[in-house]
Amino acid sequence: MSAALATMPGRIVALARALGEMDAAETAIGTTPKDEIWRAGKRRLYRYRPEQRETQLGPLLIVHGLVGRQTVADLEPRCSLVRTLLAAGVDVYVLDWGSASRADRFRDMTDFAVHGLGAAVAEVAEASGAEKVTLLGICQGGVFALCHAALEPERIGGVALAITPVDFHADARDPDPQHGLLNVWLRGLPRDLILDLIAEHGNLPGRLTGAVFQNITPARTLAKYTTGMLELAEDPDRLATFLRMERWLADRPDHPGAAAIEWLVGLYQENRLAEGRFTLDGRAVRLDAVRCPVLNIYGTDDHIIPPPCSTALGPLLPPGHDYQEVAVPSGHVGVFVSRRARGVVGPAVAGWLSRTR
Amino acid sequence: MSEGSGPEAEALRLWLEAQAEALSGAARSAGWERAEGLFRAWCRLLEGFGPTAASTAAPFDPSEWLKPADQYGMGLLAGWLGGGAGATGDGGASGEPTVEWRDYLTALERHRAITGAAWLAAFRAFAEESGRAERDAKRLEREPPDWPALVALWQEIADREFAAVQRSDDYLSAQATLMRAALDARARARAQVEAMAEALGLPTRAELDDLTAEVAELRRALARLGERLP
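Keep in mind that what you see is a predicted model, and the values were worked out from it rather than measured.

Draft legend 1. Looking closely at the overall build of chain A. Secondary structure summary: chain A contains 15 helices and 10 strands in total. For the C-alpha atoms alone, the extent of chain A along its principal axes is close to 65 × 55 × 40 Å. The buried share among the 357 residues of chain A stands at 58%. Carbon and sulfur atoms make up 52% of the accessible area of chain A, which totals about 14,000 Å². Side chains of chain A give 38 positive and 42 negative charges; the mean places of these two sets differ by 2 Å.

Draft legend 2. Quick peek at the nonpolar core. Residue and element names in this part refer to chain A. Grouped together as the largest cluster of nonpolar side chains are 114 residues, with contacts concentrated most on Leu-61, Met-109, Leu-135, Leu-273, Leu-280 and Phe-336. No other element matches helix H4 (residues 109-128), which puts 9 residues into this core. Beyond its immediate stretch of four places on either side in the chain, Leu-280 contacts Met-109, Thr-110, Ala-113, Val-114, Cys-147, Leu-151, Glu-262 and Val-285. If you look at the next biggest cluster of nonpolar residues, it comprises 14 residues, including Leu-15, Ala-18, Met-22 and Ala-240.

Draft legend 3. Expanded view of the confidence of the model for chain B. Residues and elements named next belong to chain B. The predicted model of chain B averages 74 in pLDDT, with 58% of residues at 70 or higher. Within chain B, the lowest mean pLDDT, 46, falls on helix H5 (residues 85-88), and the highest, 91, falls on helix H8 (residues 169-199). Confidence over residues 66-74 falls short of pLDDT 50; this stretch has 13 contacts with residues more than four positions distant or in other chains. Note that residues 83-95 has pLDDT below 50 and, in this model, 28 contacts with residues that lie over four places away or in other chains. Scoring the predicted complex yields pTM 0.82 and, for the interface, ipTM 0.86.

Draft legend 4. The packing of aromatic side chains, seen in detail. For the coordinates displayed, the defined rule picks out 14 aromatic pairs over all chains. In textbook terms, an aromatic cluster arises when at least three aromatic residues are bridged by ring pairs, as seen for Trp-119, Phe-123, Phe-126, Trp-154 and Phe-162 of chain B. Just above the ring of Tyr-46 of chain A sits the side chain of Lys-34 of chain A; from NZ or CZ to the centre is 5.0 Å. Against the face of Trp-248 of chain A rests Arg-252 of chain A, its NZ or CZ located 5.9 Å from the ring centre.

Draft legend 5. Highlighting the pattern of salt bridges. Residue and element names in this part refer to chain A. Across all of its chains, the model carries 35 salt bridges over all chains by this definition. Across the pair Arg-187 and Asp-171 runs a salt bridge, and its minimum N-O distance is 2.7 Å. One end of the pair, Arg-187, is in helix H6 (residues 181-187); the other, Asp-171, is in the loop between strand S6 (156-162) and H6, with 16 residues separating them in the sequence. Judged by relative accessible area, Arg-187 falls into the partly exposed class, the value being 32%. Residue Asp-171 is classed as buried on the basis of its relative accessible area of 5%.

Draft legend 6. Region of the structure containing a negative patch on the surface. All names here are of chain B. Residues Glu-198, Glu-207, Asp-210 and Glu-214 make up a contiguous surface patch of negative charge. Considering every element that reaches the negative patch, the biggest residue donor is helix H9 (residues 205-228), with 3 residues. As for its placement among the helices and strands, Glu-207 is situated in helix H9. By relative accessible area, which is 45% here, Glu-207 ends up partly exposed.

Draft legend 7. View of the sheet that holds strand S4 (residues 90-96) of chain A. Residue and element names in this part refer to chain A. In spatial order, the strands read S1-S2-S4-S3-S5-S6-S9-S10; together these 8 strands make up an open sheet with mixed pairing. One side of each edge strand has no neighbouring strand; the edge strands of this open sheet are strand S1 (34-40) and strand S10 (323-328). Going from strand to strand, the sheet's axes swing by 20° on average, the running direction of each strand aside. Pairing between S1 and strand S2 (residues 43-48): 6 bridges, direction antiparallel. Bridging from a neighbouring strand, Lys-34 pairs with Tyr-48 of S2. Packing against the sheet, helix H15 (residues 345-356) makes contact with strand S3 (57-64), S4, strand S5 (133-138), S6, strand S9 (294-299) and S10, and its axis sits at approximately 170° to S9.

Draft legend 8. Region of the structure containing the interface of chain B and chain A. The interface of chain B with chain A comprises 33 residues on the first partner and 40 residues on the second. Of the roughly 3,400 Å² buried between chain B and chain A on both sides combined, carbon and sulfur atoms contribute 60%. Where chain B touches chain A, the interface holds 8 salt bridges. We note a salt bridge from Asp-108 of chain A to Arg-220 of chain B, for which the minimum N-O separation is 3.7 Å. On inspection of chain B and its partner chain A, the count reaches 12 residue pairs in polar contact (both at pLDDT 80 or more). At the level of secondary structure, the elements contributing two or more residues to the side of chain B that touches chain A comprise helix H7 (147-166), H8 and H9 of chain B. Of the residues assigned to the side of chain B that touches chain A, the class counts are 17 nonpolar, 4 polar and 12 charged.

Draft legend 9. Fine view of the packing of helix H2 (residues 8-21) of chain A against helix H9 (residues 218-232) of chain A. Residues and elements named next belong to chain A. Across the interface, H2 lies against H9 with an axial gap of 9 Å and an inter-helix angle of 75°. The angle between H2 and H9 places the two elements in the roughly perpendicular class. Across from Met-8, Arg-11, Ile-12, Leu-15 and Leu-19 in H2, the residues of H9 making contact are Met-229, Leu-230 and Glu-231. Taken together, the residues that form the contact of H2 with H9 break down as 6 nonpolar, no polar and 2 charged.

What counts, and at which threshold
Residues numbered from 1 in each chain as written. Chains lettered and ligands numbered in written order. Predicted model: local features only at pLDDT ≥ 70, side-chain atom pairs only at ≥ 80, totals over all residues. Heavy atoms only, no water. Helix = DSSP H or I, 4+ residues; strand = E, 2+ residues; numbered from the N terminus. Buried < 20%, exposed > 50% of the residue type's maximum accessible area, 1.4 Å probe, protein only. Areas by Shrake-Rupley, 256 points an atom, 1.4 Å probe, with all protein chains shown as cover. Lys, Arg positive; Asp, Glu negative; His and termini not counted. Charge placed at Lys NZ, Arg CZ, Asp CG, Glu CD. Core = buried A, V, L, I, M, F, W, Y, C linked by side-chain atoms within 4.5 Å. Contact = heavy atoms within 4.5 Å. pLDDT = per-residue confidence, 0-100. Phe/Tyr/Trp six-rings, centres within 6.5 Å; stacked < 30°, edge-to-face > 60°. Lys NZ or Arg CZ within 6 Å of the ring centre and 35° of its normal. Salt bridge = Lys/Arg side-chain N within 4 Å of Asp/Glu carboxyl O. Patch = residues over 30% accessible without salt bridge, like charges linked within 9 Å, V, L, I, M, F, W, Y side chains within 5 Å. Pairing = 2+ DSSP bridges. Axes fitted to C-alpha atoms, helices over the stretch in contact; angles between N-to-C directions. Buried area = accessible area lost by both parts, 1.4 Å probe. Polar contact = N/O pair within 3.5 Å; in protein donor to acceptor, adjacent residues only side chain to side chain. Nonpolar A, V, L, I, M, F, W, Y, C, P; charged D, E, K, R; others polar. Parallel < 35°, antiparallel > 145°, perpendicular 65-115°, else oblique.

Here it is in structure tokens:
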């Protein structure tokens, strides 16, 4: 160990030099070319420029949730789900919800999952000339996609979910004690405390959710910014990848307050979706009303959305439903960015689109 | 590492023992309870002498003892907030911390004590396991664990230790108490600011929220109308 410690000063200097020489362009994320085709308020809908003259699959609309951003699917060229899908001939679109301010505090999940997503689906159908649109929902975006497919099935050709929770109490079935701490923490908070938190801030602050995620694994967080970064000092490519990930992690918008209450209380605490008591737009969201094929992708080592919380979906769909699961040997965000996930998720989605069109 | 010989092992061992004693549940709780009781008694006694007299009870306040004056920049934060509207609720004029601010500091220190105990337990376990690995390597005439192996070992042990603590009732209770105290302190400061704004005829947060609620309803009505159009 003494030998390793002796190299520390040199590594620190190398890291400082590497950081100083790096510019923002080298660590940009979401760089796959796309064009804005529609906007409404803060929402922006983009169509990615196809790599092939004619796309054979899709249209596929990527929907992220309100915690974090959709750029996770296009973090860098080497691990971009978007680029993999474009290369497979998929017509890919992405919805950007924008950045919530206090003026958005009364927007609820109906505004996003029903009206907002519905308007985007209509635009994608018009732009592509397709009758039906397939949704790829990421995390909370998957909940939006699933609910939308249950309530407005006519225009939805399929729903692919990635790292999406459905049963928010199923963490109890995960044997790994490091999985599901978020579920435990949220169930451990009095309901009134959550309501008062949202009332006081208007929204669920992005800074707070970021801090919560960091504190789930405090030792790992600390090591990432100390010994971890020193290991990257002499590898510019890995350092750039690390910084892109950090750029995505830091870009954490506030979560509109009314929707946050439904998410934290209605789903995390009361588990209404899995128990058939969740309502949007005054209507009951019944997962057994989903008619389209469903692909469910989850990380086997996901400590934020424990696997049982995702795989609980199967039995909730209609019997004999076209339902397929893909287990990825990775953590939460690792489903999109880890080396083990590359070559799994993109081909799985493209293959599913090809089979179900 | 703490089981080896040499001055650094001795220092590490003594530091671990001192921290463990300071943070151990029974010792800390009994001392803390006595200190809090004394502090409350002094506050009650001094209330009769007017609002400013309560500050003389500050030396008996256990949250004052454990306030991390210079740790992790908390001293700077505590000083800024301690002298500003967040602590006093009146722009710092009286220099008196509000009850909410005091409760927040108390809750913060309780939370830190629990997480501090988890760090110590992790350090202890790491010292034992890494020491064992080094002794085994020496006995078998192999290379001792290298830096990446030790870092990985530390992370595995610490994450495991924290996962256990972060599921405990003590931690969940301390976390909820801290969140509530922080919210109350913030709400108290905001109420003071809003009262001032209202007196000066400036828009308040509550008025803007009312307007926002109306706009949200109008948006929804517009969206529903749009969906009905051909």
